[in-house]
Amino acid sequence: GAVVSQHPSRVICKSGTSVKIECRSLDFQATTMFWYRQFPKQSLMLMATSNEGSKATYEQGVEKDKFLINHASLTLSTLTVTSAHPEDSSFYICSARDWSKMGQGAHEQYFGPGTRLTVT
Amino acid sequence: AQSVTQLGSHVSVSEGALVLLRCNYSSSVPPYLFWYVQYPNQGLQLLLKYTTGATLVKGINGFEAEFKKSETSFHLTKPSAHMSDAAEYFCAVSGRWGNNRKLIWGLGTSLAVNP
């Protein structure tokens, strides 16, 4: 149980184009999903917290107009990198909390396998 | 504010030796504590977590960690390292309510296991 998928796993795009990354909870409902960015050999940097049916909460320094997040259903959140540039190349990881376990104090996040974005 | 410190960005052990990965935290509220493992080019997998109750927590793959409030530590151990344990390990802390529930991450420890 508690499987999170991401699509695509790898994407190469040209500078100036937009890229959409999907994050799905496959066997549970997730009212809250998180988007992280990870640089090589570094820890995870939280970009934003996505709540189903409402606007995402972005961390300080993250451009919300550049990284568009949509959490349209209890199983799907999307991250769109708009007008991508080479500096946006990174490993993007999403995670989700199981809504049904929240009352049990289960606060762990279940992670997707990540998306490697390369902007040329 | 919460923070996590992982002592040692790189740890190398021999196969069969004890694994000890250190994690200290600071938190003004009773924390939840987590250890995650990341294999190359993959997402993160939960190894174990401490929420309440017994302070010695057992996780997957033979790992365990002990919550020591007096030392503000949550070190990860495994009695006997296996080659497949080579990976990046992250310690994380979160609060228990509201906005404090987002995870605060350590910088990670890369574990190498030598034959």
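Caption draft 1: Inspection of the interface of chain B and chain A at higher detail. If you look at the interface, chain B gives 19 residues, while chain A gives 21 residues. Summed over both partners, the interface of chain B with chain A comes to about 1,600 Å²; 53% of that surface belongs to carbon and sulfur atoms. Between chain B and chain A we count 1 salt bridge in total. The salt bridge involving Lys 102 of chain B is made with Glu 59 of chain A; its shortest N-O contact spans 2.9 Å. Looking at the side of chain B that touches chain A, the elements that each hand over two or more residues are β5 (32-38) and β6 (44-50) of chain B. Per-element accounting of the side of chain B that touches chain A gives the leading share, 4 residues, to β5 of chain B. Each residue belonging to the side of chain B that touches chain A can be placed in one class, and the counts come to 9 nonpolar, 6 polar and 4 charged.

Caption draft 2: Summary view of the side chain of Thr 49 of chain A. Relative to the elements of secondary structure, Thr 49 of chain A occurs in strand β5 (residues 44-51). Residue classification places Thr 49 of chain A among the buried residues on the basis of a relative accessible area of 13%.

Caption draft 3: Expanded view of unusual backbone geometry. Geometrically, the link from His 7 of chain A to Pro 8 of chain A is a cis peptide bond, its omega value of 0° lying close to zero. Residue placement: Pro 8 of chain A occurs in the loop between β1 (4-7) and β2 (10-13). One non-glycine residue with positive phi stands out, namely Thr 72 of chain B, at about 45°. Within the element layout of this structure, Thr 72 of chain B appears in the loop between β8 (64-68) and β9 (73-78).

Caption draft 4: Broad picture of the environment of Asp 27 of chain A. Residues and elements named next belong to chain A. For Asp 27, the position within the fold is in the loop between β3 (19-25) and β4 (32-38). In this structure, the C-alpha to C-alpha distance between Asp 27 and Cys 13, residues 14 residues apart in sequence, is 31 Å. Among the polar contacts made by the side chain of Asp 27, one reaches the main-chain amide nitrogen of Ala 2 at a distance of 2.9 Å. Of the polar contacts made by the side chain of Asp 27, one reaches the backbone nitrogen of Val 3; its length is 2.9 Å.

Caption draft 5: Looking closely at the sheet that holds strand β7 (residues 67-73) of chain A. All names here are of chain A. A sheet is described by the order of its strands in space; here 4 strands give the open sequence β1-β3-β8-β7, paired in antiparallel fashion. Across the chains shown, the open sheet's two edge strands, defined by having one partner strand only, are β1 and β7. When strand polarity is set aside, the average angle formed by the axes of neighbouring strands in this sheet is 15°. Of the strand pairs in this sheet, β7 and strand β8 (residues 76-81) are connected by 5 bridges, and their pairing is antiparallel.

Caption draft 6: Fine view of the state of the cysteines. On inspection of all chains with the given rule, the structure shows 2 disulfides over all chains. Between the sulfur atoms of Cys 23 of chain B and its disulfide mate Cys 91 of chain B the distance is 1.9 Å. Across the S-S bond linking Cys 23 of chain B and Cys 91 of chain B, the dihedral sits near -65°, which makes this disulfide left-handed. Remark: Cys 91 of chain B occurs in strand β10 (residues 87-94) and Cys 23 of chain B occurs in the loop between β3 (19-21) and β4 (24-26); sequence separation between them is 68 residues. Relative accessible area serves as the criterion here: at 0%, Cys 91 of chain B is assigned to the buried category. Left without a disulfide partner, Cys 13 of chain A is nearest to the cysteine sulfur of Cys 94 of chain A, which lies 18 Å away. On the basis of relative accessibility, which here comes to 9%, the residue Cys 13 of chain A falls in the buried class.

Caption draft 7: Quick look at the pairing of β8 of chain B. All names here are of chain B. Here β8 shows a buried face lined by Ala 65 and Phe 67 and an unburied face lined by Glu 64, Glu 66 and Lys 68. Sheet analysis places strand β7 (residues 56-58) next to β8, joined by 3 bridges and oriented antiparallel. When the sheet's bridge partners are listed, Leu 56 is paired in β8 with Glu 66. From the end of β7 to the start of β8, which pair antiparallel, there are 5 residues, and Asn 61 there has a positive phi angle of about 60°. Sheet topology places β8 next to β9; 5 bridges connect them, and they run antiparallel. Looking across to β9, one finds that Ala 65 is bridged to Leu 76. Hairpin connection from β8 to β9: 4 residues lie between these consecutive antiparallel strands, with Thr 72 at a positive phi of about 45°.

What counts as what
- Residues numbered from 1 in each chain as written.
- Chains lettered and ligands numbered in written order.
- Predicted model: local features only at pLDDT ≥ 70, side-chain atom pairs only at ≥ 80, totals over all residues.
- Heavy atoms only, no water.
- Contact = heavy atoms within 4.5 Å.
- Buried area = accessible area lost by both parts, 1.4 Å probe.
- Salt bridge = Lys/Arg side-chain N within 4 Å of Asp/Glu carboxyl O.
- Helix = DSSP H or I, 4+ residues; strand = E, 2+ residues; numbered from the N terminus.
- Nonpolar A, V, L, I, M, F, W, Y, C, P; charged D, E, K, R; others polar.
- Buried < 20%, exposed > 50% of the residue type's maximum accessible area, 1.4 Å probe, protein only.
- Polar contact = N/O pair within 3.5 Å; in protein donor to acceptor, adjacent residues only side chain to side chain.
- Pairing = 2+ DSSP bridges.
- Axes fitted to C-alpha atoms, helices over the stretch in contact; angles between N-to-C directions.
- Disulfide = S-S within 2.5 Å.

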